[in-house]
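Spelled out from the first residue to the last, the chains are:
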Protein chains: 4
Amino acid sequence: MIVVMQKGAGDDRIQAVSDLVTEWGLKPHVSRGEERTVIGLIGDESKVNEPALEMMSGVEKVMPVLKPYKRASLEFHAQRTVIKIPPARHGDRGLTLGGPGVLVMAGPCSVENRDMILALAAFLKGAGAHLLRGGAFKPRTSPYAFQGLGVEGVRYLSEQRSVVGLPVITEVMDVRDAEMIAEFADLIQVGARNMQNFALLKVLGRCRKPVMLKRGLANTLEELLMSAEYVINAGNEEVILCERGIRTFEPFTRNTLDLSAVPVLKRESHLPVVVDPSHGTGHWDLVAPMARAAVAAGADGLLLEVHPDPAHAISDGPQSLTPGRFKELMRELEAVAGAVGRHLG
Amino acid sequence: MIVVMQKGAGDDRIQAVSDLVTEWGLKPHVSRGEERTVIGLIGDESKVNEPALEMMSGVEKVMPVLKPYKRASLEFHAQRTVIKIPPARHGDRGLTLGGPGVLVMAGPCSVENRDMILALAAFLKGAGAHLLRGGAFKPRTSPYAFQGLGVEGVRYLSEQRSVVGLPVITEVMDVRDAEMIAEFADLIQVGARNMQNFALLKVLGRCRKPVMLKRGLANTLEELLMSAEYVINAGNEEVILCERGIRTFEPFTRNTLDLSAVPVLKRESHLPVVVDPSHGTGHWDLVAPMARAAVAAGADGLLLEVHPDPAHAISDGPQSLTPGRFKELMRELEAVAGAVGRHLG
Amino acid sequence: MIVVMQKGAGDDRIQAVSDLVTEWGLKPHVSRGEERTVIGLIGDESKVNEPALEMMSGVEKVMPVLKPYKRASLEFHAQRTVIKIPPARHGDRGLTLGGPGVLVMAGPCSVENRDMILALAAFLKGAGAHLLRGGAFKPRTSPYAFQGLGVEGVRYLSEQRSVVGLPVITEVMDVRDAEMIAEFADLIQVGARNMQNFALLKVLGRCRKPVMLKRGLANTLEELLMSAEYVINAGNEEVILCERGIRTFEPFTRNTLDLSAVPVLKRESHLPVVVDPSHGTGHWDLVAPMARAAVAAGADGLLLEVHPDPAHAISDGPQSLTPGRFKELMRELEAVAGAVGRHLG
Amino acid sequence: MIVVMQKGAGDDRIQAVSDLVTEWGLKPHVSRGEERTVIGLIGDESKVNEPALEMMSGVEKVMPVLKPYKRASLEFHAQRTVIKIPPARHGDRGLTLGGPGVLVMAGPCSVENRDMILALAAFLKGAGAHLLRGGAFKPRTSPYAFQGLGVEGVRYLSEQRSVVGLPVITEVMDVRDAEMIAEFADLIQVGARNMQNFALLKVLGRCRKPVMLKRGLANTLEELLMSAEYVINAGNEEVILCERGIRTFEPFTRNTLDLSAVPVLKRESHLPVVVDPSHGTGHWDLVAPMARAAVAAGADGLLLEVHPDPAHAISDGPQSLTPGRFKELMRELEAVAGAVGRHLG
């Protein structure tokens, strides 16, 4: 940590800062410049009360030198995390997320009914998808909108696991549901609006299933990594980071998909990175180009909305692919993955 | 709702849209323009599946005409909500929020210990503050930061109510704590990061205490009103809206306090509006000018951080006022309130 | 400037950085921390090639310590700039901007015709406005929109000066018009879209009239101060800073008026600060509350759109006040100014 | 255009709106809904004074139905624009931008000296680049930063054209330089800060060279298309659109490169689309993944910063590729282009 003193701050001010940090067990290292004096703090930074320093008379600003995330950081954990997803049915082959393969997680925004889930899952499996996504509990801006089938939806997803055999990723919204969802789902999703629901993150840190954290609409990548840190710190090291678009002033897209998040997160962290171009753009015709771009940028997985009949979807129809378009996209993704030295699956 | 057809969309497309909305029980009203045909939907809009329309062949866009919030809206509820806060101690006088008086809610960011709370509350009461604010449960970006005293903090706030007599506003972060906090607090605060924690909003809709919703860092005012709609719809009509700054690219301030939220929310809704210039700016020297500006813009209340010794505050020291500066600010606020035909308290 | 080395950067890397900065004439000051080594550079920072440092092997980041603005800064120029605006007509009294008085600059968005300008100016003068604002050259997003009356508009504004007697502020968009506008206008306005039109800023630095710089829609306050620095550095010390709203994702307002810009700019700079609530909100019913708030926050002046018949204004009607509403607002502003120890004019 | 009336707006209000639009030569089409009446305007929308409607008593809002851009729009100009760039030297082969080939425009941020330009251009040509980029006039936030070599830089770029033979793209900042730059450059670049410098756009509309418009830091894609409309409307149909990152709150990247701009612009417009991942990310290690992603998303060209010695670059070193890294990237781009059915060149 570095303390920058105000122009003209006197020796007594500099001494007071030095005394305080010495009290905390750190060593102050004073550099007197032409216009400013700066004081470097040497020692255990976790002992520093940064706001206290900022408030001291004569202090202009305090600049952190170290990164606030440790256990999510590549610097402190040089080996990349590879998550093993066991087969949904006995005899099937398991999956790995974070290795050379790129996983495609596809399905409807909401679980609408049993038949739809079973039929769509069978189609998706045939078309090469690796996991089934589908929401049983839906975060909706309006209390009057469809809130998901709840436990009934969970039951259909679960039935699909044993009948069709796709591992399942689904969202948890309420701490009270976490255990139930961890019981049957293969991956647990935390939605963008809950990225900083710290009570939920702590509970998921005690679950024994991988957790995929979606970046909040206005959260920085550092904050996403800090939320991962919450889960890891509470005991669960299997965390996946997901870019799903941030809020900007651009109205042509529902959100602005920040693909540079992929190389930044791969540089900063050892955790796998997934991209959701369906929520990230909000329009089905933008999903395919952005899915290809995500793979070219280095994503480890994709989250794609597919609906047998998007025009009659209960939620988020306009951003869903039809089955036909999905099949075509899988071929395109295979080609792009190959061009960057990877493969699907 | 209005459906805008694509340029050159044929009669069959127009008919298909008309048929679908008729199926839903609405009447289509077709206007053929020179470049575009538009179809107005007349009838109960809650029956419309908007995404389904957007996906139809030949449809360019669907434009909602009605506002999505009803019960939070001034249009449907012409009488302004005035919230009565009963006295904390027998014999004291109660407060009203949303009437001609402007309420000042002051206190530390975090409850740090018993003595600090009792002493500070006594000072604040003497200086004219109306409620005590203070966090027992703290949402912190880092799992390594101080997370609040928890139940112990609640106990100190509660003791203060009976000893000093300031009504209390405090934050709830976890659905499992809602009942306990509703028991003793006078106002329950939902933090910015939980504005769209819909599970929590539904639980608070069943509590019997007023709920103050802080606007999320990247949420629109419409979304804030929709979150209020969740609470009201679940049974609790006493909702307060709080502007506390949105996230922008400006680094001089921690957030950008959007004071135009005050007149917009007063125009759109009947609910009281409070402003938090401490979190909204992040720097104590900006708090006073922005607090004055909030009152001049029409706020019904202010949330201010005050700390007896900001340099040693456990959280958010740099945005806290000293007791001396708070006293001075109260005098300034009294003058500004008078200039706009209001008064403190 | 401080150079933070990567974790584990070896002595050769540290030496290489030290050698390079020594070459530039600065003294390196090395602090070895537990996790990181940081190197403080002591001496003339203008000699440092910051990108060169960032590219060096072993360097993690470079953190500037000094502020990039000098001549616009309060630190280097402790006396506040007060701009004298001479009377438009012989015998009238002049104005000062940046002193205890708050100046109101009112008028239509566009100069529409001669009669309108003369009549409106006479009304505004009677109602207490201090300057007439009005655009002869209009920056419009669409090439098909009204682009202003141009030189003809300038003529009407000029005629008004001698007939009615209000000093004039008007916008310059093209370097080739700068001299002509500087000739007759009392204040020259640079619009938000031209805040970083550096060619224009340099030309205005050689004009002998005060220049008001509007903050760009996505510019930081530091960038606004750097644009002021361009004008001052080119020879013109009379610069006024204007907050007019930044672009965010909030659709209820045309822009988000960032009133915290007022106290920040007053703390960082000696230049006067003006607020434009008309462009900043885009809706006439929000102009009055935000104008009051701007004065309460410490603004030195206001830019207000007033139109005799907003419903028939050629540009920006919805954000214009009617003459009646303007008169009422002047009374409100007088009261708020009084409450914060200032006065109008 | 559609006019939405307020709830409870009486017949007289509806009649007044109908009368006004009839006066303008349009036909009002009134739909009375359960909560709101809406009025569709049929006829020539260019006759509508939208702000005038918004100000009328009883009107809640006015919603445009048509897109404001015409000549830049794919709807009105179904054939994609393909720009032919003639060979720089006699005997070389020309280039096309906007066809199946993807063009790579590479070079330093600033032209620094003659030798550097000639040597680097020779290298880039050998490595497969198609155009040389390099700034002679540099827009810099600070007046104290290097402002470019100016006319001298232009001379070196020009010399390179005849010696090495790469066509040149360079930036114009001042209307007074436009003719001189149009004389020698093959493509004229308008920087992000000048995207709405309307005086400059009009002048470029009269030049006989293609114009590449960079999206402003906070501009929407509709505004970018409207700026293209300015150039086309003034007579120059050869316009290229460039995405170079928008400003957000994310500090890990200098800007947020919005790659969804590529498919949106290709859907809305017939103009070619280029992506600049160097400015868009600000860090050389993010340039390669984002360049690959841009091609996968459908970009027609790339703008890449390459510097023989980034650590000693005068401007923007940290975002420049070394020659070695550039060669490697060209191979990667060839593979990705192939995977999406395109090729370099």
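The shown structure was predicted, so the numbers you read here are calculated from the model rather than taken from an experiment.

Analysis parameters
- Residues numbered from 1 in each chain as written.
- Chains lettered and ligands numbered in written order.
- Predicted model: local features only at pLDDT ≥ 70, side-chain atom pairs only at ≥ 80, totals over all residues.
- Pairing = 2+ DSSP bridges.
- Helix = DSSP H or I, 4+ residues; strand = E, 2+ residues; numbered from the N terminus.
- Axes fitted to C-alpha atoms, helices over the stretch in contact; angles between N-to-C directions.
- Contact = placed C-beta atoms within 7 Å.
- Nonpolar A, V, L, I, M, F, W, Y, C, P; charged D, E, K, R; others polar.
- Least-squares fit on C-alpha atoms with pLDDT ≥ 70 in both.
- Parallel < 35°, antiparallel > 145°, perpendicular 65-115°, else oblique.
- Left-handed = near helix turned anticlockwise from the far one by under 90°.

Residues and elements named next belong to chain C. Spatial strand order, E2-E3-E1-E4: 4 strands in an open sheet with antiparallel pairing. Two strands in the sheet have a free side with no partner beyond their single neighbour: strand E2 (27-32) and strand E4 (59-63). Neighbour to neighbour, the strand axes of the sheet diverge by 20° on average, direction disregarded. Sheet analysis places strand E1 (residues 2-5) next to strand E3 (residues 37-42), joined by 3 bridges and oriented antiparallel. Opposite Ile 2, over in E3, you have Gly 40 as the bridge partner. With respect to the sheet, helix H1 (residues 11-23) is in contact with E1, E2, E3 and E4, its orientation differing from that of E2 by roughly 155°.

Listed as interface residues are 34 residues of chain D and, on the opposing side, 34 residues of chain A. Secondary-structure elements contributing two or more residues to the side of chain D that touches chain A are helix H8 (261-268), helix H10 (284-297) and helix H11 (323-339) of chain D. For the side of chain D that touches chain A, the element with the highest residue contribution is H10(D), accounting for 8 residues. Split into classes, the residues belonging to the side of chain D that touches chain A amount to 21 nonpolar, 8 polar and 5 charged.

Bringing the relation of the copies chain D and chain C into the picture now. Turning chain D through 180° and shifting it by 0.0 Å along the axis lays it on chain C, with an RMSD of 0.0 Å. Such values leave the two copies arranged in the relation of a two-fold axis. Rotation axis and chain D: the residue whose C-alpha lies nearest the axis is Ala218(D), separated from it by 2.7 Å. Here 100% of the contact residues of chain D are again contact residues in chain C; the copies associate through an equivalent surface.

On to the relation of the copies chain D and chain A, then. Mapping chain D onto chain A leaves a residual RMSD of 0.0 Å; the transformation is a rotation of 180° accompanied by 0.0 Å of translation along its axis. Of all interface residues in chain D, 100% are interface residues in chain A too; the two copies therefore contact each other through one and the same surface.

So, about the interface of chain D and chain C. Contacts between chain D and chain C engage 37 residues on the former and 37 residues on the latter. No other element matches helix H7 (residues 221-233) of chain D, which puts 5 residues into the side of chain D that touches chain C. Taken together, the residues that form the side of chain D that touches chain C break down as 20 nonpolar, 9 polar and 8 charged.

Attention now goes to the packing of helix H10 (residues 284-297) of chain B against helix H10 (residues 284-297) of chain C. Look at H10(B) against H10(C): their axes get within 7 Å of each other, and the N-to-C directions meet at 155°. Between H10(B) and H10(C), the angle is such that the two are roughly antiparallel. Judged by the sense of rotation from one axis to the other, the crossing of H10(B) with H10(C) is right-handed. Facing Pro289(B), Met290(B), Arg292(B), Ala293(B), Ala296(B) and Ala297(B) of H10(B), the residues of H10(C) in contact are Pro289(C), Met290(C), Arg292(C), Ala293(C), Ala296(C) and Ala297(C).

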